[in-house]
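Listed here are the chains, written in short residue letters.
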Amino acid sequence: MVASVASLNPALAGIDSLFPAFSSSSSLPLGVAYSGGADSTALLLATAERWPGQVQAFHIHHGLQAAADDFVRVCESVCTMVGLPLHIVQVDARHASGESPEDAARRARYAALATAATARGMQGVLLGQHADDQVETMLLALSRGAGLPGLSAMPASFWRGGMVFYRPLLQIPSAVLREWLVRQPIEFVDDPTNTDERYTRNRIRARLLPALAQAFPQFRATFARSARHAAQAQAVLVEVAAQDLAVVGNPPAIKALQALSLPRRANVLRHWLLQQQATPSAAQLEQLLHQVAACTTRGHRIHLKVASGHVTRLGASLCYSDAAARAR
Ligand SMILES: Nc1ncnc2c1ncn2[C@@H]1O[C@H](COP(=O)(O)OP(=O)(O)OP(=O)(O)O)[C@@H](O)[C@H]1O
């Protein structure tokens, strides 16, 4: 009995809880984003066990590290062994100026996964992020002073590039997946950059998570609950902002903005700016609120830098313009 429980892939519980009503017709076949690391290996094996013949693996070759060819070799060997189709997609993940290399790699990875999975007729792509990744994401957000969108951490599903992505392992600790996997005759790779403590995420993993486990043994579950509360509250804020934008107008009329309470004024301005592809810093939003409040005479000028553009006053309304973005 114990042996059969121990031999059960823990990732199965994750996919079963995320897809309770998955029918074998419309939602299959599924792709698995397979890095060759422990988590996506456990996920790939569980998915293939649950839906035999309906699963394909997708590996993105970033060409960023010398170890990338080793990842490909391990992915090929595992997929051959378990009899799964594997698609290897080369991407150019060089980062633009002002973008971090990790963000560039992630953006390129999701775009390539969406394109390749669509081309192969996949109905969704599964990702291997787990409960520890979720806590790390929240702590990273806190370390940067994030608001509710950041504290909401990673959603269990989302659309990108016309493809739906799922994260079935968000409730499963990394150690549980790894403990099972090391007892299987299956190879996996440990990304050497995961232990490089120059990266904040790796410092969080190596130093904070063990301390949290000692102080609050239930931290994965309670942090996940907080992330869900934050996501729910954020969804309400977006709804309220959309309603308020309909009232103040788009672009927003200054007098109508002044009629709103300060928190709603901040909320609707952030929402409006995000629609213009401009993410204001906390200081920029503060300045803008100050200017809107002070704008009580005809001659009052507003000219504020926000993101890579400017918010100005144009008659009775605000205006956002970004010459650099228009030229891109
Ligand atoms: N090169 C890649 N090719 C395909 N999918 C990837 C790749 N890198 C990451 N992913 C997907 O994104 C998820 C999260 O990436 P992350 O970098 O946190 O994981 P990892 O440590 O590289 O690998 P794993 O999660 O498999 O241990 C992975 O679980 C996997 O599903």
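Bear in mind the structure is a predicted one, so any value in this text is a computation, not a measurement.

A. Representation of the packing of helix 10 (residues 219–248) against helix 12 (residues 262–275) in the model. As a packed pair, helix 10 and helix 12 sit with axes 9 Å apart at the nearest point and diverge in direction by 85°. For the element pair helix 10 / helix 12, the angle class is roughly perpendicular. Contacts from Leu237, Val238, Val240, Ala241, Ala242, Asp244, Leu245 and Val248 of helix 10 reach helix 12 at Arg264, Asn267, Val268, His271, Trp272 and Gln275. In the contact of helix 10 with helix 12, the residues fall into nine nonpolar, three polar and two charged.

B. The arrangement of the sheet that holds strand 7 (residues 303–306) in detail. Pairing is antiparallel in the open sheet, where three strands are placed in the order 7-8-9. On the outer flanks of this sheet lie strand 7 and strand 9 (317–321), each paired with one strand and no other. On average, each strand axis in the sheet is inclined to that of its neighbour by 25°, with strand direction left out of account. As paired elements, strand 7 and strand 8 (residues 309–314) share four bridges and run antiparallel to each other. Residue pairing in the sheet places His303 in a bridge with Thr312 of strand 8. Those strands touched by helix 13 (residues 282–294) are strand 7, strand 8 and strand 9, and its axis lies near 160° from that of strand 7.

Calculation notes
- Residue positions are given per chain, counted from 1 along the sequence in the order it is written.
- For a predicted model such as this one, the threshold for reporting local features is a pLDDT of at least 70, and the threshold for listing and counting side-chain atom pairs is 80 or more; totals across whole chains, interfaces and linings nevertheless cover every residue.
- Calculated side-chain values reflect all of the structure's heavy atoms, with hydrogen atoms and water omitted.
- Here, axes are lines fitted to C-alpha atoms. For helices the fit covers the stretch in contact, and angles between N-to-C directions go from 0 to 180 degrees.
- Runs of E in the DSSP output that reach at least two residues are strands. Runs of H or I that reach at least four are helices, and both are numbered from the N terminus.
- By definition in this entry, angles of less than 35 degrees are roughly parallel, angles greater than 145 are roughly antiparallel, angles of 65 to 115 are roughly perpendicular, and the rest are oblique.
- Any two residues having at least one pair of non-hydrogen atoms within 4.5 Å are treated as being in contact.
- Throughout, the ten residues Ala, Val, Leu, Ile, Met, Phe, Trp, Tyr, Cys and Pro are labelled nonpolar, Asp, Glu, Lys and Arg are labelled charged, and all others, Gly among them, are labelled polar.
- One bridge is not enough; two strands pair if DSSP finds at least two bridges between them.

Keep in mind these values describe shape, not function.
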